[in-house]
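Inside the fold
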Amino acid sequence: MEELASSAPDVTVWIPQLHQETGHRPDQIRETLKLLLADNTIPFIARYRKEATGGLDEVEIANLADRFQYLRDLDERRQTILKSIREQEKLTPELEQRIQQAETKQKLEDLYLPYKPKRRTRATIARDRGLEPLADLLAVAGTTLSDVQQWLQALNEGQEAPLSEDDALQGARDIWAERLAEIADLRNALRERLHKDGRVLSQVASDHEGKPSKFEAYYDFSEKVSAIAPHRYLAIRRGEKDGILRMRIELEEERAHGLLRQHLPPFAEAFAEHASRVIADAWQRLLAPTLETDVRVDLKLQADEVSIDMFGRNLRQLLLQPPGGAKVVIGLDPGFRTGTKWVVIDETGRFLDHGVIYPVEPKKEVEGSRTVLRDLLQRFHAEIVAVGNGTASREVHQFVREFFQAEGITAQALVVNESGASVYSASSIAREEFPDLDLTVRGAVSIARRYQDPLAELVKIDPKSIGVGQYQHDVNQTRLKQSLDRTVESCVNFVGVDLNRASASLLGYVSGISSTLAKRIVSHRNEKGGFQSRQDLLTVSGLGPKTFEQAAGFLRIPEAGNPLDRSAVHPENYALVERMAQDHELTLEQLVGHEAAVGRIDPTQYAEAGAFTVSDILQELKKPGRDPRKDHQQVEFDDSIQEVKDLKPGMRLNGIVTNITHFGAFIDIGVHQDGLAHISQLSDKFVKDPMEAVTVGQAVQAWVLEVDEARKRISLSLRSTPQADPKPRDGNRKSGKPERRKNRPSGPKESQPREKPLASGDFQKDMAQLMAKFNKH
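Quick look at the structure, then. Note that this is a predicted model, so its numbers are computed, not measured.

Moving on, we come to the overall build of the chain. A count of helical and extended segments in the chain gives 31 helices and 16 strands. In terms of overall dimensions, the chain has C-alpha extents of about 110 × 70 × 50 Å along its principal axes. Relative to its full complement of 777 residues, the chain shows a buried share of 51%. Of the contacts made within the chain by residues no fewer than 6 positions apart, 68% connect residues no fewer than 24 positions apart. Roughly 35,500 Å² of accessible area belongs to the chain as shown, and the carbon and sulfur atoms make up 48% of that amount. One way to put it: in the chain the 107 positive side-chain charges average out to a point 3 Å from where the 118 negative ones average out.

Here is the structure:
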């Protein structure tokens, strides 16, 4: 948490507010913030400092850290604003109190607006001409036109360029319009009204009218600001950025004018018409544009948070997919014209050999390909053939299965998700690992290793290139990177890392270990051999006590002499475990991993260590170093279904969930094109969050509802029986249904990406979020 540890403020200032917002006890908040400010990582705090935090989990600690950082930034801005207004000698006790009580950056800026240095405006020009007294005169009861004329005559005396009556009144109106626009409470009220009653409108740009595009669903679109779904807003923004759409956010003028009237003093009866002109000008020229920008920013922030959260949850599920384990694997990167690249890796993931076969069209050298595979299986005793799920995957997988069946081979052939493998193969990490291999061969290595341990391989790839989430290129990239880095770090430390086998990429995500230090650990391991104990880590150059404290508990040494070095028990608690063993007249070997022996330990005897700590230690001692991920699953596709044209409504097929969005889940059913199961089709029960019903990598059985062969769009259902258009059930969002204007055709009923969803950020891969069926529900 470098951003928090940059300075060490007194955290007590923010504890009352954080307590009110989070519900956490003040002592939990205080101790957690102290740990964060002392540069402890979130995984370390959540796992090994539960006594201090009261058992807060990683999400709660991360949220606390983010909110604390916001409050610190807010306070820094508050002090800057107070200093500026004080230097202008305009800071009143009432204004200072309001600034001190402002809870958001937006409210602070609203209060600061009248005192903020600004460029010359129509109002400042009018003030320079001496028209401010005239503006005040208009709001004095009983002021007549004759009074204004007399005042103006006095102003013009001796002037080389006297002001006309119209120009003077225009200047007075400009002053009043700016005064209105700078009232903090009014701006806030109008902003809230825009959020509540405003509408997001989009239309096709004139030079694209009548032309088909990926944004046709938004050519004539209207939806309330309060109801628009994040993915729809991001889609419209992308269309606007591409010059295909024009977007605006509008509020009925009468609603806005009504609020402005409440804040404008009554003008003299003779100038009542000028009051209406002030209100109209203040709204149209000064308030509407800036408040529309504010609301756009708010909607973008909301959409970013929702999308980033969904991306993070997808990524976590993908990273924590079950590992296949330490087996010799033949990895196949399938292809048609260029052939299928093959590699062999041993039980530890070490590269052994590579080559190319042509088992499918156009060359279709079946016998030659069989001979190569037969030789590899015999020579390396391979147990697994892992086929990437890209181009030609079904054909190559079927070839391998038929070959195994024909010859009675017991090795297993399966399909592996290869998203991001091409990105890895061209990366600096891949070049460092395999400088002498072609990038296509590196991709096959990645596929093979994905079977053994998906997490260890996927950490080498930029999370945005893995192929989960939605609109990852449109959200705040800094915030996205922070969230995804936290997710990867959380997953790596949740699983634990084999210190003697992990790559530098994997070690770089271990708590407290930087990428530079990870490389030093690998170099030390290569030069001096594997680590025999966790304590040996301290011999690595640059790895000190603080880093050791942060990292040690998450590192495993399966070959270590001390059984605790094979577990998640932190070295700081070794003495406690040794005392437990001694108290029960056992050796560590007799205690660690023996549930019956551990079960006889009374945790209350060691209460001084803390209830959380003792409980975690006893749980770990029962199954030390256990991989928390589930067992590996294999999905067998229907061999009779190869392409989209083979699909018929009513079929029920095996599939695997590849990506989850807010409106449904994409499912690979083995036809080179993922289908979409809309959120209403994920379960027989009402589903609010798709992740309540499915997970990335989950094996499912899906009904085929609709097939659009021309567009390669497939509509699927995971319900017990296929139902094409279920009626909205209680709880389905109604207010968010987009409204289209009359005489405009609605979009098609379903939409899926033309290729694997969201793998490259191309908009055609996000089509499902733009069109039809989710608009119904």
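Right, let's talk about the sheet that holds strand 6 (residues 351-357) for a bit. The strand order 6-5-4-7-8 describes an open sheet built from five strands, whose pairing is mixed. The open sheet is flanked by strand 6 and strand 8 (412-416), the only strands paired with a single partner. Averaged over all pairs of adjacent strands, the angle between their axes in this sheet comes to 20°, without regard to strand direction. The pairing of strand 4 (residues 329-333) with strand 7 (residues 384-388) spans four bridges and is parallel. The partner of valine 329 across the bridge, within strand 7, is isoleucine 384. Of the strands in this sheet, strand 4, strand 5 (340-345) and strand 6 are in contact with helix 17 (residues 366-380), which crosses strand 6 at around 170°.

Looking now at empty space enclosed by the protein. Under the definition given, this model contains two cavities of 30 Å³ or more. Volume-wise, the largest cavity comes out at about 460 Å³. Forming the walls of the largest cavity are 25 residues, and the residues nearest its centre are Gln321, Val415, Val416, Asn417 and Ile656. Elements supplying a minimum of two residues to the lining of the largest cavity: strand 8, helix 21 (439-452), helix 22 (454-458) and strand 11 (652-661). The residue inventory of the lining of the largest cavity, partitioned by class, reads 14 nonpolar, nine polar and two charged.

For the rest of this paragraph, the subject is the environment of aspartate 309. Here aspartate 309 is to be found in helix 16 (residues 272-319). Here aspartate 309 falls in the partly exposed class, since its relative accessible area comes to 41%.

Time to look at the packing of helix 27 (residues 574-583) against helix 30 (residues 611-622). It is at 12 Å that the axes of helix 27 and helix 30 come closest, and there the two elements cross at 65°. By the angle class used here, helix 27 and helix 30 are roughly perpendicular. Taken as a pair, helix 27 and helix 30 cross one another with a handedness that is right-handed. In this structure, helix 27 uses Leu576, Val577 and Met580 to contact helix 30, whose residues at the interface are Val614, Ile617, Leu618 and Leu621. Considered class by class, the residues forming the contact of helix 27 with helix 30 number seven nonpolar, no polar and no charged.

Take the packing of aromatic side chains next. Geometrically, a pair of aromatic rings is defined through the distance of the ring centres and the angle of the planes. Evaluation of the coordinates by the stated rule reveals eight aromatic pairs. Consider the rings of tryptophan 14 and phenylalanine 68, whose centres lie 5.3 Å apart with planes at 85°: the pair is edge-to-face. Taken as a pair, tryptophan 14 in the loop between helix 1 (2-5) and helix 2 (15-22) and phenylalanine 68 in helix 6 (residues 58-87) lie far apart in primary sequence, 54 residues in all. Residue tryptophan 14 shares its accessibility class with phenylalanine 68, and that shared class is buried. With 6.0 Å between their ring centres and 40° between their planes, phenylalanine 44 and tyrosine 48 make a pair best called tilted.

This part covers helix 11 (residues 145-156). Here helix 11 contains 12 residues, and its C-alpha end-to-end distance of 16 Å stays within 8% of the 16 Å for a straight helix at 1.5 Å per residue. Looking only at helix 11, the buried set comprises Val148, Leu152 and Asn156. One side of helix 11 carries all its buried residues, which in axial view fall inside an arc of 65°. With respect to the buried face of helix 11, the exposed residues turned more than 90 degrees away are Gln150, Gln153 and Ala154. At its buried positions, helix 11 is contacted by helix 10 (132-138) and helix 12 (165-181).

This paragraph deals with the layout of surface pockets. It is the rolling of a water-molecule-sized probe over the atoms that shows where space remains empty. What the largest pocket holds in volume is close to 1,800 Å³. When contributions to the lining of the largest pocket are tallied by element, the ones reaching two or more residues are helix 1, helix 6, helix 8 (105-112), helix 13 (184-197), helix 16, helix 23 (477-495) and helix 26 (545-551). Across the lining of the largest pocket, the residue classes break down as nine nonpolar, 17 polar and 20 charged. Volume-wise, the second largest pocket comes out at about 1,400 Å³. Lining the second largest pocket are 45 residues; nearest its centre among them are Ala456, Arg501, Ala502, Ser503 and Leu506. Those elements that provide at least two residues to the lining of the second largest pocket are helix 20 (428-433), helix 21, helix 22, strand 9 (497-498), helix 24 (504-507) and helix 25 (515-528). Per-element accounting of the lining of the second largest pocket gives the leading share, five residues, to helix 25. Classifying every residue of the lining of the second largest pocket gives 15 nonpolar, 14 polar and 16 charged.

Cut-off values and rules
Residues numbered from 1 in each chain as written. Predicted model: local features only at pLDDT ≥ 70, side-chain atom pairs only at ≥ 80, totals over all residues. Heavy atoms only, no water. Helix = DSSP H or I, 4+ residues; strand = E, 2+ residues; numbered from the N terminus. Buried < 20%, exposed > 50% of the residue type's maximum accessible area, 1.4 Å probe, protein only. Contact = heavy atoms within 4.5 Å. Areas by Shrake-Rupley, 256 points an atom, 1.4 Å probe, with all protein chains shown as cover. Lys, Arg positive; Asp, Glu negative; His and termini not counted. Charge placed at Lys NZ, Arg CZ, Asp CG, Glu CD. Pairing = 2+ DSSP bridges. Axes fitted to C-alpha atoms, helices over the stretch in contact; angles between N-to-C directions. 1 Å grid on protein atoms, 1.4 Å probe; cavity = no way out; pocket = protein on both sides within 12 Å on 5 of 7 lines; lining within 4 Å. Points joined across faces, edges and corners; volume = space filled by probe spheres on them. Nonpolar A, V, L, I, M, F, W, Y, C, P; charged D, E, K, R; others polar. Parallel < 35°, antiparallel > 145°, perpendicular 65-115°, else oblique. Left-handed = near helix turned anticlockwise from the far one by under 90°. Phe/Tyr/Trp six-rings, centres within 6.5 Å; stacked < 30°, edge-to-face > 60°. Expected span 1.5 Å × (residues − 1). Arc of directions from axis to C-beta.

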